[in-house]
Number of protein chains: 2
Amino acid sequence: MNPTIKDVAKHAGVSTATVSLVIHDNSRISPETKRKVLKSIKTLHYLPSKSARDLVTQRAGNIGFIITDDHFLRTEPFYTRIFLGAEFEARDGDYYVLLATVESNFNEEDQLPRFIQERNVDGIIIAGKVPQNLIDRILELKIPLAFVDYETTNNCCPNILIDNIQGGILATSHLIGLGHKQIGFVGADIQHPSLLKRFTGYKQALENAKIGFNDKFVETGSLYPDRQNGYDAAKKLIEKNKNLTSIFACNDAMAIGVMHYLKDNGFKIPDDFSIIGFDDVESDLLLDPPLSTIRVPKIELGAESIRIITSYLKTKTIPKKILVPVELIIRQSTSAPGSKRI
Amino acid sequence: MNPTIKDVAKHAGVSTATVSLVIHDNSRISPETKRKVLKSIKTLHYLPSKSARDLVTQRAGNIGFIITDDHFLRTEPFYTRIFLGAEFEARDGDYYVLLATVESNFNEEDQLPRFIQERNVDGIIIAGKVPQNLIDRILELKIPLAFVDYETTNNCCPNILIDNIQGGILATSHLIGLGHKQIGFVGADIQHPSLLKRFTGYKQALENAKIGFNDKFVETGSLYPDRQNGYDAAKKLIEKNKNLTSIFACNDAMAIGVMHYLKDNGFKIPDDFSIIGFDDVESDLLLDPPLSTIRVPKIELGAESIRIITSYLKTKTIPKKILVPVELIIRQSTSAPGSKRI
DNA sequence: TCACATTAGTTAAACGTTTAACTTTGTTTA
DNA sequence: TAAACAAAGTTAAACGTTTAACTAATGTGA
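Note that the coordinates shown come from a computational prediction; the quantities given were computed from them, not determined experimentally.

Caption draft 1: Spotlight on the protein's contact with DNA strand C. Taken together, 26 residues lie near DNA strand C, and T18(A), R28(A), S30(A), T33(A) and S20(B) sit nearest. When the atoms of DNA strand C within 4 Å of the protein are grouped by moiety, sugar and phosphate amount to 62% of the total. Between DNA strand C and the protein, one listed contact pairs a phosphate oxygen with a backbone N or O atom of S30(A) at 2.5 Å. Note that a phosphate oxygen of DNA strand C is positioned 3.1 Å from one of the backbone N or O atoms of S49(B). Of all the elements in the fold, those that place two or more residues in the surface near DNA strand C are α2 (16-23) and α4 (50-57) of chain A together with α2 (16-23) and α4 (50-57) of chain B. For the surface near DNA strand C, the element with the highest residue contribution is α4(B), accounting for four residues. Along the lines of polarity and charge, the residues of the surface near DNA strand C split into 13 nonpolar, ten polar and three charged.

What follows is the structure in structure tokens.
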């Protein structure tokens, strides 16, 4: 069996309390005793037991990370990176991150994630949109909660958000700056706060540039912002508006769908048509041409959410909203409106 | 505070031992008492504390998952999915999975992952290649260990492996079946057992088809099997062998590099040149044309590794090697050798 | 010189379970 | 009828820490 604090105490000729105080660097201990104890710790290869510690301190040492399986499968590289950002940051603090997926149609009777049932987390991060009744049940249990990339209306909890409006402005302004005046918007799930704000940014940029907003240029009918729906939206939009020269898609997945539609229909990108996405999913780089987009600092988003929740656990104070800035990434899918087609 | 076992005992009018026995479904308890206790548990919303349990049972309830940061960043979608497979499977068992990355040049004095320091795992899964001295130190601590996608020479521990040889044969035979006779191989890090076996499969398929092996058709100089090195390898290989009609790349990342090189140099895929990869990373689908490849069941690989290690923890028996079968995925990057170039 | 701090440690209870060993009561068996 | 056994619980120790409250020794100011 592993050595315990008692073994160390005996070896160093002190009480277990002293050993504990040394471990926690308490000033009550003289330098000499400290040295002696540290030496014993080293020679015995002593490591404190986490479960014993957790029991007495009444903490779990874990942060739960919840996401719907739907989100996870559909937009995996996006949320995976947020998770990783959380994971990395948690390591520096003193936590582990436990992952759980829930069904997107989670309902009353469904089992809560196991780490909640076992009281195995000190706090929870929810990534992306989840069913309201899940949120309610967690709040009922009074487990500290933070949301990343999902804006809640009741401001019970901190929200770590992408600056979606700014992103929408950046993307649209980029196209405007290149000389585009006919700019389409491809979106989805208009209930989703993030997507809505990107749309708001789009409109705001048009207004700033004194370009009239035209709702014929907007296609937001589908539920999920995925590749197939991007393809279909592009089809509708372009068939309806022959004069369009560019599209801002609400995320990269849809942008990729748009690109495929354009390619399938003989448009050259960016010569005939400029297209910009949002998210900067890594795979953008594989595209031909590489996609201009708005970079979302995913790792940073995850890290920030850990910082928020652990600081809450320490100080019991919550900031309401954190807005993480985004960045315009110009690649080769956008250019000045060039040789017009047909 | 949450209710404890004492509260339940008091509420049900029994001892805490009885409550514990009920929870563990011990036959010593009469049906009537059992019913009574279960009712109290329900009305009080009692949930056993994991840390108390862990302390007394001397288990952590966690499995560690270790990977080098290098692997993780370079081939993220691949190992991420293995991790997820482990995560999902662990949930059904009674474990959480804790992730840790280590530096690929991990050395003696470096800190072991925190979950090892804190004795917070019952077993460890190592994914992909890691430095030998890390392995040695874990073995020293006598923590049960399993390797996924990395073959260890000393057979101390179970190895959950992709059937790389079979994959190499499948890929190469596919090209041969299409009529190719000049088939290049693009690889890397010839020390890496997995890559080596893919190469073995390549040679074996050639032999099976009575096609002579030509080491001019092989390029395995670079250290990492990534996109850039794929690009460079294709360049060398094709400049050297004008008669090549197809390439089997040891993974998709390199295959993508090869495709980029081919595109940059005016080759049409698959008309002028067939290319097949290995791994079936999701992003293959974005490529133009979509890449034929060998699918590795990543989720399954992770799940299997959890099954192996938890079954070891229960029964203390280890299977030596598990070979997970792979599958040929034919997309549009391979076809019969067609209209030759220039 | 004495009351009082300060320093450097110790003692012992507490955290919430599990489980071996024990008790009590009732039922067989020889 | 007594001894043996089975059934259904209980008691109490143990797991390995942390920490409030205590103690003993030394230093300090009036």
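Caption draft 2: Looking closely at the protein's contact with DNA strand D. The immediate surroundings of DNA strand D are formed by 25 residues, with S20(A), T18(B), R28(B), S30(B) and T33(B) found nearest. At 3.1 Å, a side-chain N or O of R28(A) approaches a base nitrogen of DNA strand D. Take S49(A): an N or O atom from its main chain is 3.2 Å from a phosphate oxygen of DNA strand D. Listed by contribution, the elements that provide at least two residues to the surface near DNA strand D are α2 and α4 of chain A together with α2 and α4 of chain B. Of all the elements, α4(A) adds the most residues to the surface near DNA strand D, at four residues. Here the surface near DNA strand D is composed, by residue class, of twelve nonpolar, ten polar and three charged.

Caption draft 3: Structural view of the relation of the copies chain B and chain A. With an RMSD of 0.5 Å, the operation that places chain B on chain A is a rotation of 180° combined with a shift of 0.3 Å along the axis. What the rotation and shift describe, once combined, is the action of a two-fold rotation axis. Considering only C-alpha atoms, the part of chain B nearest the rotation axis is S51(B), at 2.5 Å. Most of the interface of chain B is mirrored in chain A, where 100% of its interface residues again form contacts.

Caption draft 4: Local environment of the pattern of salt bridges. Within this structure, the stated rule accounts for 34 salt bridges over all chains. A salt bridge links E219(B) to K240(B); the shortest N-O distance between them is 3.6 Å. On the criterion of sequence distance, the pair formed by E219(B) in strand β7 (residues 218-219) and K240(B) in helix α11 (residues 227-240) is long-range, its members being 21 residues apart. Look at K240(B) and you get partly exposed, because its relative accessible area is 43%. Two residues, R331(B) and D280(B), come together in a salt bridge whose shortest N-O distance is 3.0 Å. Separated by 51 residues along the polypeptide, R331(B) in the segment after β12 (327-329) and D280(B) in the loop between β9 (274-276) and β10 (293-295) bring together distant segments of the chain. With respect to class, R331(B) is no different from D280(B); both count as buried. Each of R114(A), E118(A), R59(B), D94(B) and D122(B) takes part in a single network of salt bridges with overlapping partners.

Caption draft 5: Main features of the packing of helix α1 (residues 5-12) of chain B against helix α3 (residues 31-44) of chain B. All names here are of chain B. At a closest axis distance of 9 Å, the pairing of α1 and α3 adopts a crossing angle of 125°. Judged by the angle between their axes, α1 and α3 are oblique. Pair α1 / α3 crosses with right-handed handedness. Taken together, the residues of α3 that come into contact with α1 (itself represented by D7, V8, H11 and A12) are K36, V37, S40, I41, T43 and L44. Across the contact of α1 with α3, the residue classes tally to five nonpolar, three polar and two charged.

Caption draft 6: Local environment of the sheet that holds strand β2 (residues 96-102) of chain A. Residue and element names in this part refer to chain A. Taken together, six strands build an open sheet; the order of strands is β2-β1-β3-β4-β5-β11 and the sheet is parallel. Strand pairing shows two members of the sheet lacking a second neighbour, β2 and β11 (321-324), which therefore form its edges. With direction set aside, neighbouring strand axes in the sheet form an average angle of 20°. Of the pairings in the sheet, the one linking strand β1 (residues 62-68) to β2 comprises seven bridges and is parallel in character. In the sheet register, F65 faces β2, and the bridge partner there is L99.

Caption draft 7: Layout of the interface of chain B and chain A. Of the residues lining the interface, 46 residues belong to chain B; the matching set on chain A comes to 46 residues. Both sides of the chain B and chain A interface together cover about 3,900 Å² of buried area, and 54% of this is carbon and sulfur. The interface formed by chain B and chain A includes two salt bridges. Taking the shortest distance from any N to any O, the salt bridge between R114(B) and D94(A) comes out at 3.3 Å. Inspection of the chain B/chain A interface yields 14 residue pairs in polar contact (both at pLDDT 80 or more). The element best represented in the side of chain B that touches chain A is helix α6 (residues 76-92) of chain B, accounting for nine residues. Of the residues assigned to the side of chain B that touches chain A, the class counts are 22 nonpolar, eleven polar and 13 charged.

Caption draft 8: Spotlight on the packing of aromatic side chains. Counted under the stated rule, the structure contains 25 aromatic pairs over all chains. Both rings, one in F185(A) and one in F199(A), keep their centres 4.9 Å apart while their planes meet at 40°; by these two values the pair is tilted. With F185(A) in strand β6 (residues 183-186) and F199(A) in helix α10 (residues 193-208), the pair connects residues that are 14 residues apart, well separated along the chain. Within the aromatic cluster, the residues linked to one another by ring pairs are F185(A), F199(A), Y202(A), F213(A), F248(A) and F278(A). Of note, R114(A) hangs over the ring of Y96(B), and the distance from its end group to the ring centre comes to 4.1 Å. Its end group placed over the ring of F213(B), K203(B) keeps NZ or CZ at 5.9 Å from the ring centre.

Calculation criteria
Counting of residues starts from 1 at the beginning of each chain's written sequence and follows it residue by residue. Here the convention is simple: chains get letters from A, ligands get numbers from 1, in the order in which they are written. Given that the model is predicted, a residue must reach a pLDDT of at least 70 before its local features are reported, and side-chain atom pairs must reach 80 or more before they are shown or counted; all residues, however, enter totals for whole chains, interfaces and linings. Processing note: side-chain calculations cover all non-hydrogen atoms of the structure and skip hydrogens and water entirely. Here, proximity means that at least one heavy atom of the residue falls within 4 Å of the molecule or strand. Polar contacts, as used here, are pairs of N or O atoms within 3.5 Å; protein pairs need one atom able to donate a hydrogen and one able to accept it. Residues neighboring in sequence count only if both atoms are side-chain atoms. Here a helix means four or more residues in a row that DSSP labels H or I, a strand means two or more in a row labelled E, and each is numbered from the N terminus. Throughout this entry, Asp, Glu, Lys and Arg are counted as charged residues, while Ala, Val, Leu, Ile, Met, Phe, Trp, Tyr, Cys and Pro are counted as nonpolar. The remaining residues, Gly among them, count as polar. Superposition of the copies used a least-squares fit over C-alpha atoms from residues whose pLDDT is at least 70 in both. Note on definitions: a residue-residue contact is assigned when non-hydrogen atoms from the two residues lie within 4.5 Å. Note on definitions: salt bridges are taken to be side-chain nitrogens of Lys or Arg within 4 Å of carboxyl oxygens of Asp or Glu. Residue burial is assigned from relative accessible area. The probe radius is 1.4 Å, only protein chains are included, and a residue is buried under 20% of its type maximum, exposed over 50%, and partly exposed in between. Axis lines are fitted through C-alpha atoms, for helices just across the contact stretch, and the angle between N-to-C directions can take any value from 0 to 180 degrees. To sort the angles, those under 35 degrees are grouped as roughly parallel, those over 145 as roughly antiparallel, those from 65 to 115 as roughly perpendicular, and the leftovers as oblique. Less than a right angle of anticlockwise turn of the near helix away from the far helix marks a crossing as left-handed, whereas a clockwise turn marks it as right-handed. Whether two strands pair comes down to DSSP finding at least two bridges between them. In this description, buried area is defined as the sum, over both parts, of the accessible area (probe of 1.4 Å) that is lost when the two are combined. The rule is short: rings of Phe, Tyr and Trp, with Trp giving its six-membered ring, pair when the centres are within 6.5 Å, and they are stacked under 30 degrees, edge-to-face over 60, tilted in between. The criterion is that NZ of a Lys, or CZ of an Arg, lies within 6 Å of the ring centre and within 35 degrees of the ring normal, and then a charge sits over that ring.

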